[in-house]
Amino acid sequence: MKTKDAAIGGNGALVSALFSRWNTKFIPYMGRTLATALFVLCWLLSLSASAAEENLMFRDDGAGSLVFNTGIIKGSLQKDGKGEALRSLSFIPSNVTIDQNHGLLCPYRFLTPERRYGFGSWEWPRTGRVLPDGAAELHWDEAADRPFAFTTEYRWKSADTLDFKVVFTPKTDLHK
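The model shown is predicted, which means the values in this text are computed figures rather than measured ones. (Residues numbered from 1 in each chain as written. Predicted model: local features only at pLDDT ≥ 70, side-chain atom pairs only at ≥ 80, totals over all residues. Heavy atoms only, no water.)

A. Main features of the overall build of the chain. What the chain contains, in helices and strands, is two helices and 11 strands. In the chain, the succession of α and β elements from N to C terminus is α-α-β-β-β-β-β-β-β-β-β-β-β. Restricting the contact set of the chain to residue pairs at least 6 apart, pairs at least 24 apart contribute 32%. (Helix = DSSP H or I, 4+ residues; strand = E, 2+ residues; numbered from the N terminus. Contact = heavy atoms within 4.5 Å.)

Shown next as structure tokens:
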């Protein structure tokens with residue numbers, strides 16, 4: 001048993017000798033190899049993250065729509081003029097349509113206690129654009145029949161999560 005312990009490193013001499021020889025010959029080589037491997041891994045992960053981020057961006061299709069395809073959901077927003085909100089919206093894996101009528105996330109009615117403004121925002125002209133971070137923005141100016149302007153933003157947070165923000169700017173005192 002004593003011989004077996006010595007071969008394994010009973011007093012630590014054999015283990016110490018192996019590690020000191022390994023340290024002087026292999027550590028500098030392993031350090032460079034490990035650094036290169038980590039660099040390549042980080043680069044590949046950044047490519048993967050960039051590709052994922054690009055899937056979360058709206059794009060102007062040049063035909064009047066802001067389109068998106070997250071890999072899970074695809075659809076579009078009509079950019080300028082009158083129109084609905086998120087349209088042609090479908091889940092990609094099952095090809096199931098998930099919008100109807102005037103699309104999803106389109107401001108409907110603006111109300112005060114005394115008055116209703118319009119029937120729905122799809123009846124009013126608007127302008128749209130892609131923001132620098134890839135979100136879509138639609139903007140409705142004030143008009144004679146509505147003393148307010150408003151903007152909507154559509155921003156993908158993940159392939160299945162869309163943030164929707166409405167900024168309402170009254171141009172006169174609207175009674176609460």
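So that's the structure; there's more coming.
B. The arrangement of the packing of aromatic side chains in detail. Within this structure, the stated rule accounts for 13 aromatic pairs. With 6.1 Å between their ring centres and 70° between their planes, Trp 124 and Phe 150 make a pair best called edge-to-face. One end of the pair, Trp 124, is in the loop between β7 (116-117) and β8 (127-130); the other, Phe 150, is in strand β10 (residues 148-158), and 26 residues separate them in sequence. Summarising the burial analysis for this pair, Trp 124 and Phe 150 share the class buried. Seen from their ring centres, Phe 148 and Phe 168 are 4.9 Å apart, and the 35° between their planes marks the pair as tilted. Of the two residues, Phe 148 sits in strand β10 while Phe 168 sits in strand β11 (residues 161-170), which places them 20 residues apart along the sequence. Here Phe 148 falls in the buried class, since its relative accessible area comes to 0%. Ring-pair connections join several aromatic residues into one group, and the members of that group are Phe 110, Tyr 117, Trp 124, Trp 140, Phe 148, Phe 150 and Phe 168. (Phe/Tyr/Trp six-rings, centres within 6.5 Å; stacked < 30°, edge-to-face > 60°. Buried < 20%, exposed > 50% of the residue type's maximum accessible area, 1.4 Å probe, protein only.)

C. Just the sheet that holds β8, in detail. Pairing is antiparallel in the open sheet, where four strands are placed in the order β8-β9-β10-β11. On the outer flanks of this sheet lie β8 and β11, each paired with one strand and no other. Across this sheet, the average inter-strand angle for adjacent strands is 15°, counted without regard to direction. (Pairing = 2+ DSSP bridges. Axes fitted to C-alpha atoms, helices over the stretch in contact; angles between N-to-C directions.)

D. Looking closely at the confidence of the model for the chain. Of all residues in the chain, 69% have pLDDT values of 70 or greater, and the mean over the chain is 75. Residue range residues 1-9 is modelled with pLDDT below 50. Its contacts to residues more than four positions away, or to other chains, number seven contacts. Across residues 40-52, where pLDDT falls below 50, the model places zero contacts with residues more than four positions away in sequence or in other chains. (pLDDT = per-residue confidence, 0-100.)

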